[in-house]
Every structure is written in C-alpha cells, then in structure tokens.
There are 2 protein chains.
Amino acid sequence: MREVPEQQVIATGLPAALSVAGTVISCDAGVTVFHAGQPARAVYFLVSGSVRLVRYGRAGEEVSLHEARPGEFFAEASLDSDCYHCDAIANESSELLQFLAPAMRNHLASDVTLSREWMALLARQLRTARTRVERLSLKNAAERIRHLLYSEGRGDRCEVTLPGTFKELARELGLSHEALYRTLATMVREGIIEREGMTLRFKESASRI
Amino acid sequence: MREVPEQQVIATGLPAALSVAGTVISCDAGVTVFHAGQPARAVYFLVSGSVRLVRYGRAGEEVSLHEARPGEFFAEASLDSDCYHCDAIANESSELLQFLAPAMRNHLASDVTLSREWMALLARQLRTARTRVERLSLKNAAERIRHLLYSEGRGDRCEVTLPGTFKELARELGLSHEALYRTLATMVREGIIEREGMTLRFKESASRI
DNA sequence: CGTCGCATTGATATCGCTCAAATCCGGTGG
DNA sequence: CCACCGGATTTGAGCGATATCAATGCGACG
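Residues numbered from 1 in each chain as written. Chains lettered and ligands numbered in written order. Predicted model: local features only at pLDDT ≥ 70, side-chain atom pairs only at ≥ 80, totals over all residues. Heavy atoms only, no water.

This next bit is on the confidence of the model for chain A. All names here are of chain A. A residue-level look at chain A finds 92% of positions with pLDDT of 70 or above and a mean pLDDT of 86. The least confident element of chain A is strand S1 (residues 2-4), whose mean pLDDT is 48; the most confident is helix H5 (residues 177-189), at 96. Counting contacts from residues 2-9, a segment whose pLDDT is below 50, to residues more than four positions away or on other chains yields 14 contacts. (pLDDT = per-residue confidence, 0-100. Helix = DSSP H or I, 4+ residues; strand = E, 2+ residues; numbered from the N terminus. Contact = heavy atoms within 4.5 Å.)

So this is what it looks like as structure tokens:
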C-alpha cells in the first residue's frame, strides 16, 4: 500500500468539490486497507479495482458485507463512528482516494452541494443494503436469483451482467457456489432464464414480482 | 389516518430544528401510510406505535424490510427518490410526524446542524442494515441468534429484550418461527443462553465472536 | 365464553450444505 | 509451443438443517 500524494486523478463519480482533496493510494490484491476496530480515520473512494468489506464468523470464515466497485465510496458510514466495523481488503490491484475524516467533515459542513450529494449517496447505499436484506430474507435459491434480476436487471428481461465471478455472486446471495450453479442450471433447463457467459436474463419479458 | 395539523408534540429523538415543521398524523393498526410506487411526498418520524416497511414476494407473502420504532425516521431514503419502494403499514395504533419532501430539502440545505444530524442518522441506518445483511448471511439459526445478541445486546452477557413478538424476530432473522423456537429451546437446553419471557442473554459472559 | 393470534412441540419433506471429483481456462515458466 | 498450476466451474451423492403441515395450549380481548 503505497501513497502517491501529489498525483492528479480525475475519478468518475467523484463529487467535484472533492476532486483535489484526496490522497491517492495504490494497493495490491490481498492488501488490507483497514481493520475492524481501528480508529475510523478516513473515508475512501474506489477509483479502480475492487475492495471487499468483510467480517469474520465464529469459524473464521469471511462474511461479505459489501463489494465496493469503481466510482463508489466505502467506509462512508464511519464518518461519525469511532472505529471501523469491518475489514476492507483489496480483491485485486486497486487505486483508492483517501479522505481524512476531519477534512471530510469540514467539507460537508461548508459545501451545501457536497452535503446534498453525500446525503443522496448515503440514501442510495441504504436502499441497496435494504434490497439485499430483502433478497436474503427469501427462503429459496431460485427466488433470490429472481429477486436479483428484478432489482438489478436492465430492460424488460431484467438483464444482469455479473461484475465478478459466480462464486462471488453466491456469497452475495448467501448461497454455496454449488447451490447457485445448480439452481441456475435448473432455471435454464426449465426455461425461466437464459445465460450467456456472465450475463443472465429472463427468457420471457418479466412477469412482475 | 386522520391529520391533526395544529397539535404540538415534543418527540424524543427528533432533531430540534424539525420540532415545529411536521404534521402530526394518527393512524390505527393496519392502516397503510404509503404504498410502493406512489410518489415520495414525505419523510416520516415515528412518535409512538410501530410501523413496518414491507414488500411482497411472488406468493404474496410479506417480506419485512424494516420495523420502525418510536424515535426513528422512516422513508428517509425516499428524500431523493421519485417514489416509495415499499409499503408502510402501522402494526398498531401509531402517531407519526410527516415532513413534506420539499420543505425537508430546504431545511437540510439551510441548516448545517440538521444536515449533520441527518447524515449521522443515514449512516447509522446504513450500519444497521449492513449488520442485518451480515446476520442473514450466516448459515444456521443458532449463529444468527448469537449474532443478534452480540450486535444488539447490552452488557457482558449481551442481554436483549425483544421489542416485539418472537414471530417478528423470526422474520427479522430470516427463519420460520418454528425454527426459531426450536433453536432457542436447544440453546437454552445446552446452556448457551438464558431466556426470561422476552429477554434473552448468554449464560456465560460473552466469549467474543 | 368464544375467538384469534402467539407460543410450543411433533412429524415429515425438501432444499441447500458439505465432501468429492472432473473439467475448463488463463496465466506462468520452461 | 507445451506442460503445469491454481482457481473457477460443473455435476454427483448423502446428510442434516430448516421449511412446512399439523396439533395443542395459552392469554388477551370483545
């Protein structure tokens, strides 16, 4: 994890007011950006790569809380929290912008546009998280996949192209990867969905919820 | 759902700046405050009673997204959204404060203190939702109950007193109520937890995570 | 007192997890 | 160019946990 303070980066999705306030950080796959329990010093913006936020179950297994994608902030909720509540680990070689919490709070207090954007961002993340709660509350695998397509899909056939692997999707859906593969295969066999590589869609125009 | 515009209410947990800006609404058990798909006209603050936010599965069954408790806002995420994304239904006779979205946006733009409180509130809700995601990602019922105690419990024995019924808790945990009762009974029998009416706690001082 | 919904426990079926093994694919080194 | 390696993908078999259906008790409420 090496810091490159003077570099100038235009990052898509970054509020204009923040374009010069961040510290660029590059980190390799597997590097931990921060640990749960550490004082929450900064908020991060993912420029490129991918970072996962995880906690650990009693058996030591990872539980995925969130997968940050380029153009997203993460650890935003830590702005008014004493310490981080999860680990942040780079899935691949990634570039981050780091915004120290005190500076960020100042910006938010003085810039109305930024604070509006920030509230919108938090609200969006909140909706996303609640959608995921809803999905995980469904009892069976096929329903979770349907729900994924309905809530994330584009167009009337609810097309989704996976950003990662099927194993990652399985974790996101709270399933073992075997269960996911099997359920997908069954749904394709039954003519419910189509699959082309990493793209999924309904076979028929979506019969609503 | 009857509106009582002139009433003056001191509501605990409500930011001071909003204490005079809301419309008091009283509604009986079962009344729908808003429907999914309706234009998002307002944000609500629950003064007393309880309101659940739900969507509906394919079989028409309710899927609980959130249970608002007194002192909480709900539909906060709808401030920058065109329409509501779920139904809000009163579980019991409840009192709400309604804040129309345009007025709310004005307040947020002009009052830095309020906007800071609002961001903190969104961040808190976000953390809560992510904790719930984490909980639902656990594979078995006992782990989910442990997780609930660890993340919501008070004191070194992680004591939790349920705000609602065990059936509601079961929905919150993504379990059937039968599975919840059985798992609780087993955990009590095995000396892992204690149960006194609606209060749960670990038998031993919490062995961390 | 009757009814309704929660609480509780039993029986059974099913779904998804676990272990296992084979294949595929991209990358790496010779 | 090819052999090899690791991780993703895919399918099989068996088991265990949870859902589902069912029945009963119990307390609140009209």
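Read on, since the account is not over.
All names here are of chain A. The 4 strands lie next to each other as S3-S8-S5-S6, forming an open sheet whose pairing is antiparallel. Pairing within the sheet leaves two strands with one partner each, and these edge strands are strand S3 (32-34) and strand S6 (62-68). Strand-to-strand twist of the sheet, defined as the mean angle between neighbouring strand axes without regard to direction, takes the value 35°. Here 2 bridges tie S3 to strand S8 (residues 87-90), and the two strands are oriented antiparallel to one another. (Pairing = 2+ DSSP bridges. Axes fitted to C-alpha atoms, helices over the stretch in contact; angles between N-to-C directions.)

The environment of DNA strand D is made up of 18 residues, and the closest members are Tyr181(A), Arg182(A), Ala141(B), Ser176(B) and Glu178(B). The protein-proximal atoms of DNA strand D, defined as those within 4 Å of the protein, are 56% sugar or phosphate. The separation between a phosphate oxygen of DNA strand D and a polar main-chain atom of Phe166(A) is 3.1 Å. Take Arg195(A): an N or O atom from its side chain is 3.0 Å from a phosphate oxygen of DNA strand D. Looking at the surface near DNA strand D, the elements with two or more residues in it are helix H4 (166-173) and H5 of chain A together with helix H5 (177-189) of chain B. Element by element, the count of residues in the surface near DNA strand D is highest for H5(A), at 5 residues. Residue composition of the surface near DNA strand D, by class: 7 nonpolar, 5 polar and 6 charged. (Near = heavy atom within 4 Å. Polar contact = N/O pair within 3.5 Å; in protein donor to acceptor, adjacent residues only side chain to side chain. Nonpolar A, V, L, I, M, F, W, Y, C, P; charged D, E, K, R; others polar.)

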